[in-house]
Amino acid sequence: MNGSAAIPILRAAKRLIFARERHVLVIQLQLLIGAVASLGFLGLDVAQSYAALIGALTIILPSAYLAWSNSRTTNPVRILAQGVVKTVTTCLLMVVALVFLQVQPLGFFSSLVIVQVSYLLALAPVFKLDSSN
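K.L.:
Teacher, can you tell me more about the overall build of the protein here?
P.N.:
In terms of regular secondary structure, the protein is built from 5 helices and 0 strands. Mapped in sequence order, the helices and strands of the protein form the string α-α-α-α-α. Expressed as a percentage of the 133 residues in the protein, the buried residues total 31%. When contacts within the protein are restricted to residue pairs at least 6 apart in sequence, those whose partners lie at least 24 apart make up 74%.

What follows is the structure in structure tokens.
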């Protein structure tokens, strides 16, 4: 119940769980963390910084595609398929980075892991978004 008027349970759950497009916050955090990681590795070596940038983009690009495509549908089969596409795309980008671009592993994998933390940070109470819409 919302005050005195009943609302459908799915709409209430959507407001509670997905208040104000949480996926946009994840992408913003990934961009911020990726930029900080890349700049941080610049102090170590330019090649490591480049690898960190490529590692961050390896996560950010498929995540941005998934966020965009999921915002356009509510069909559970399509959402599942888009998740599979994100996973396959991430793996293919890793192969391209390691085999064809031959990036430095330290910067690449460090950035890859650090950017993944954005999913946890987006759930942190610090980023609690207004759920009044």
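K.L.:
In this structure, what is going on with the packing of aromatic side chains? I would like to understand it.
P.N.:
Here the distance between the centres and the angle between the planes together describe a pair of aromatic rings. What the rule picks out here adds up to 2 aromatic pairs. Between the aromatic rings of Y65 and W68, the centroid separation amounts to 6.2 Å while the plane-to-plane angle is 45 degrees, which identifies the pairing as tilted. Taken as a pair, Y65 and W68 lie in helix α3 (residues 46-70) at a separation of 3 residues, close to a single helical turn. Centre to centre, the rings of F108 and F109 are 5.1 Å apart; their planes meet at 80 degrees, and the pair counts as edge-to-face. With a relative accessible area of 0%, F108 lands in the buried category. Since its relative accessible area comes to 34%, F109 is described here as partly exposed.

K.L.:
Would you explain the nonpolar core in this entry?
P.N.:
What tends to happen in soluble globular proteins is that the nonpolar side chains get buried as a cluster. Listed in full, the 11 residues of the largest apolar core are I33, A51, I54, A56, I59, I60, A97, V103, F108, L112 and V115. Those elements giving two or more residues to this core turn out to be α3 and α5 (105-121). Among the elements that line this core, the one with the most residues is α3, at 5 residues. Dropping the residues within four chain positions of it, A97 is found in contact with I54, Q102, V103 and F108.

K.L.:
Just to check I follow, could you spell out α5 for this structure?
P.N.:
If you check α5, its first and last C-alpha atoms are 25 Å apart, about what 17 residues at 1.5 Å a residue would give, namely 24 Å. Of all the residues in α5, the buried ones are G107, F108, S111, L112, V115 and S118. Down the axis, α5 shows its buried residues gathered within 130 degrees of arc, on one side only. Exposed residues pointing more than 90 degrees away from the buried face of α5 are listed as V113 and L120. Contact partners of the buried residues in α5: α2 (22-42), α3 and α4 (76-100).

K.L.:
In this structure, what is going on with a nonpolar patch on the surface? I would like to understand it.
P.N.:
On the surface, Y50, V95, V96, L98, V99, F100, L101 and F109 cluster together to form a nonpolar patch covering roughly 700 Å² of accessible area. By residue number, the principal contributor to the nonpolar patch is α4, which donates 5 residues. Structurally, L98 can be placed in helix α4. Relative accessible area serves as the criterion here: at 32%, L98 is assigned to the partly exposed category.

What counts, and at which threshold
Residues numbered from 1 in each chain as written. Predicted model: local features only at pLDDT ≥ 70, side-chain atom pairs only at ≥ 80, totals over all residues. Heavy atoms only, no water. Helix = DSSP H or I, 4+ residues; strand = E, 2+ residues; numbered from the N terminus. Buried < 20%, exposed > 50% of the residue type's maximum accessible area, 1.4 Å probe, protein only. Contact = heavy atoms within 4.5 Å. Phe/Tyr/Trp six-rings, centres within 6.5 Å; stacked < 30°, edge-to-face > 60°. Core = buried A, V, L, I, M, F, W, Y, C linked by side-chain atoms within 4.5 Å. Expected span 1.5 Å × (residues − 1). Arc of directions from axis to C-beta. Patch = residues over 30% accessible without salt bridge, like charges linked within 9 Å, V, L, I, M, F, W, Y side chains within 5 Å. Areas by Shrake-Rupley, 256 points an atom, 1.4 Å probe, with all protein chains shown as cover. Salt bridge = Lys/Arg side-chain N within 4 Å of Asp/Glu carboxyl O.

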